[in-house]
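The lines below spell out each chain.
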Amino acid sequence: MSNESLANLLKEERRFAPPRELAAAANVTADAYAHAKEDRLAFWAEQARRLSWEVEPTETLDWSNPPFAKWFQDGRLNVAYNCVDRHVEAGHGDRVAIHFEGEPGDGRTLTYAQLKDEVGKAANALTELGIRKGDRVAVYMPMIPETAIAMLACARIGAAHSVVFGGFSAEALSARIQDADAKLVITADGGYRRGKPNALKAIVDEAVPRCPTIENVLVVRRTGQDVSWGEKDKWWHELVEGQSPEHTPEAFEAEHPLFILYTSGTTGKPKGILHTSGGYLTQVSYTHHAVFDLKPETDVYWCTADIGWVTGHSYFVYGPLSNGATQVMYEGTPDTPHQGRFWEIIQKYKVSILYAAPTAIRTFMKWGDDIPAKFDLSSLRVLGSVGEPINPEAWIWYRKNIGGERCPIVDTWWQTETGAIMISPLPGVTETKPGAAQVPLPGISATVVDDEGREVPDGAGGYLVLTEPWPSMLRTIWGDDQRYIDTYWSRFPGRYFAGDGAKKDDDGDIWLLGRVDDVMLVSGHNISTTEVESALVSHPKVAESAVVGATDATTGQAIVAFVILRGTAASDDGDALLAELRDHVGKTLGPIAKPKRILTVTELPKTRSGKIMRRLLRDVAENRQIGDVTTLADSTVMDLIQAKLPSAASED
Ligand code: 6R9
């Protein structure tokens, strides 16, 4: 019996140096680490000067009442002014802010000057509806420009937005509205997904009667589908379009609430993660500049994440816009009307920076190399990954088939709670390793500890913790300070525990190993889901996999793997292949990590942001009734998986 916190089984030797040209002109160079280390707070004070403050802060951090941080406390700024107006004032009004690409093929381009007018009109409309500084506004929208405009309008008048994923149920929506006591819902009749209009307004209609604080519902017309209409409902085009585009932004204190975003959470009541203004904007702006090496005059940036996920907040709305980026916004799914849609968009807009999730990358692997090969992707120069650990083989596929072997990949680790990227390579500095987020960014302190909170040596695994407060950290859980303390700051007192397993490799670089709740205990060894999944994905016939620990009489838990085969291998799921996959894992990681059972499936259960819901697979593996599926992106997936069960192959 070993007493390791988490085993380190996977060895990865491949290394990729930053492209010379990119390194020579990089926004951030290697000296940033030492500079930040010398005086961390002075470093962040310097980054805060990227923003335009009406009152410059003199105090950087107040940590006198941990874990309640105050950053740039005596500064005052307006977040929307920083994301829009100041670029127009600097003479960049004609620069494109958003190239919108609708799923049906319609499109719209908004310059910074036009965005400023739209945000001004929306801010005036919200004011007319009685929304004031300190109020909360729920946003339940498709991926259309009005979603960003609505968020910026809220920020402009000092109301906190709470964006709820379009497609969450009426129950999930009403619970979030009630928790935040929102006064207004901004929605649309619907949006386009998978080739057809889906309904949003109908779900709002179901939710609102349970929400006594809601005074008005503001509805954007996107699809033109029939909607029912009540006395609280107002059309966006009637109320907003008639407003004056002039709106004078008011500066708010740096700690003024900017937004609440609910994390789905696997159990219990969703947590309303609260972010505030000055520190949040400082870190999203700096990290977007540093990690993506954005050159606002020449780059075209595309973050494929939905706005309802924190990635859409920080790296579609606030980070890129604060930096004056030109970006692409796409409404729909990657396979509508064909599986090359993403690559067609990159070709069309000459996208140079792409930020996507491993789930998407593995799906593209499954669809086949020939699809991206048909498009001109030569405009790309930096690739990003976020949301889950990226399996080394998916990383290599991304680099070769999308990045043409020339683009650095930044694997960015962060959370809704951290607000901004915390651990990531820098594209002009770091020699990258496939599958690793590697190094805390300048000004960030993270490490890996064991059960007792002692830092693990290089080469060992354990729990990822953040050891110093950071500007974009969550300030609390909305309405529940005690839950904030208990959830994040009590497992290792004085340190923030992220809930993730991680290891340090022999160079001290950090590798994320999945949620600690998912760790499998096999014959006394704590085995990470990520390493076994990565070993499976490194077999040429496997595109994606999810593994879980299922109760086992002999070993405590046994590894059960669900795999999706690559396009060319999809029909081959015979016993010989399953035995081959088991052996492959055994050879790659050692016999302890060999799955006891492997099931081939065509889909895996995922959240709307693409994270695999292993909890549901554990229910399947242990023959239990499937648990709560409300945060599942596609509820039919579990039926498909259960239908496969009889063909499960087992070693015994
Ligand atoms: C941004 C975001 C947070 C959790 C996080 C971790 C996982 C995100 C990752 C990653 C490994 C990465 N995660 N990025 N794991 N490598 N690059 O995803 O926020 O939706 O709150 O999820 O996602 O488990 O703790 P959120």
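This text follows the structure it describes.
What you see is a predicted model; the values in this text were computed from it and never measured.

Rules behind the numbers
- Residues numbered from 1 in each chain as written.
- Predicted model: local features only at pLDDT ≥ 70, side-chain atom pairs only at ≥ 80, totals over all residues.
- Heavy atoms only, no water.
- Helix = DSSP H or I, 4+ residues; strand = E, 2+ residues; numbered from the N terminus.
- Rg over C-alpha atoms; globule rule 2.2 N^0.38 Å.
- Buried < 20%, exposed > 50% of the residue type's maximum accessible area, 1.4 Å probe, protein only.
- Contact = heavy atoms within 4.5 Å.
- Areas by Shrake-Rupley, 256 points an atom, 1.4 Å probe, with all protein chains shown as cover.
- Near = heavy atom within 4 Å.
- Polar contact = N/O pair within 3.5 Å; in protein donor to acceptor, adjacent residues only side chain to side chain.
- Nonpolar A, V, L, I, M, F, W, Y, C, P; charged D, E, K, R; others polar.
- Pairing = 2+ DSSP bridges.
- Axes fitted to C-alpha atoms, helices over the stretch in contact; angles between N-to-C directions.
- Parallel < 35°, antiparallel > 145°, perpendicular 65-115°, else oblique.
- Phe/Tyr/Trp six-rings, centres within 6.5 Å; stacked < 30°, edge-to-face > 60°.
- Lys NZ or Arg CZ within 6 Å of the ring centre and 35° of its normal.

1. Focus on the overall build of the chain
And then number 1: Of the regular secondary structure elements, the chain holds 20 helices and 31 strands.
And then number 2: The C-alpha atoms of the chain give a radius of gyration of 24 Å, which matches the 26 Å a tight globule of 652 residues would have.
And then number 3: The principal-axis extents of the C-alpha atoms in the chain amount to approximately 70 × 60 × 50 Å.
And then number 4: Sorting the 652 residues of the chain into buried and exposed places 63% on the buried side.
And then number 5: Restricting to contacts in the chain with at least 6 residues of sequence separation, those with at least 24 account for 72%.
And then number 6: Just so you have it, the chain exposes about 23,400 Å², and 49% of that area is on carbon and sulfur atoms.

2. Notes on the site of the ligand
And then number 1: Taken together, 17 residues lie around the ligand, and Asp 411, Thr 412, Thr 416, Asp 500 and Arg 515 are the ones closest in.
And then number 2: One of the side-chain N or O atoms of Arg 515 is found 2.8 Å from an oxygen atom in the ligand.
And then number 3: For the ligand, whose accessible area on its own is 530 Å², the fraction buried by protein is 92%.
And then number 4: For the shell around the ligand, the secondary-structure elements that each account for two or more residues are helix H11 (310-322) and strand S25 (510-515).
And then number 5: By residue class, the composition of the shell around the ligand is 7 nonpolar, 5 polar and 5 charged.

3. Side note on the sheet that holds strand S8 (residues 184-188)
And then number 1: With mixed pairing, 8 strands are arranged side by side in an open sheet as S12-S11-S8-S6-S7-S14-S15-S23. If you trace the sheet from one side to the other, it starts and ends with strand S12 (233-235) and strand S23 (476-477), each paired once.
And then number 2: The sheet contacts of H11 involve strand S7 (160-163) and strand S14 (257-263), and relative to S14 the element is tilted by about 145 degrees.

4. Topic: the packing of helix H10 (residues 278-291) against H11
And then number 1: Packing of H10 against H11 leaves a shortest axis separation of 8 Å and a crossing angle of 85 degrees. Considering the angle they form, H10 stands roughly perpendicular to H11. Counting all contacts with H10, which are made through Tyr 280, Leu 281, Val 284, Ser 285, Thr 287 and His 288, the residues of H11 involved are His 313, Ser 314, Tyr 315, Tyr 318, Gly 319, Pro 320 and Ser 322.
And then number 2: Across the contact of H10 with H11, the residue classes tally to 6 nonpolar, 7 polar and no charged.

5. Here we look at the packing of aromatic side chains
And then number 1: Within this structure, the stated rule accounts for 33 aromatic pairs.
And then number 2: Aromatic pair Tyr 463 and Phe 492: ring centres 5.6 Å apart, planes at 50 degrees, arrangement tilted. Highlighted residues: Tyr 463 in strand S22 (residues 461-466) and Phe 492 in the loop between helix H16 (481-489) and strand S24 (496-504), separated in sequence by 29 residues. An identical accessibility class is assigned to Tyr 463 and Phe 492; each is buried.
And then number 3: One aromatic cluster in this structure is built from Trp 63, Phe 68, Trp 470, Tyr 484, Tyr 488, Trp 489 and Tyr 496.
And then number 4: Lying across the ring of Trp 235, Arg 221 places its NZ or CZ 5.5 Å from the centre.

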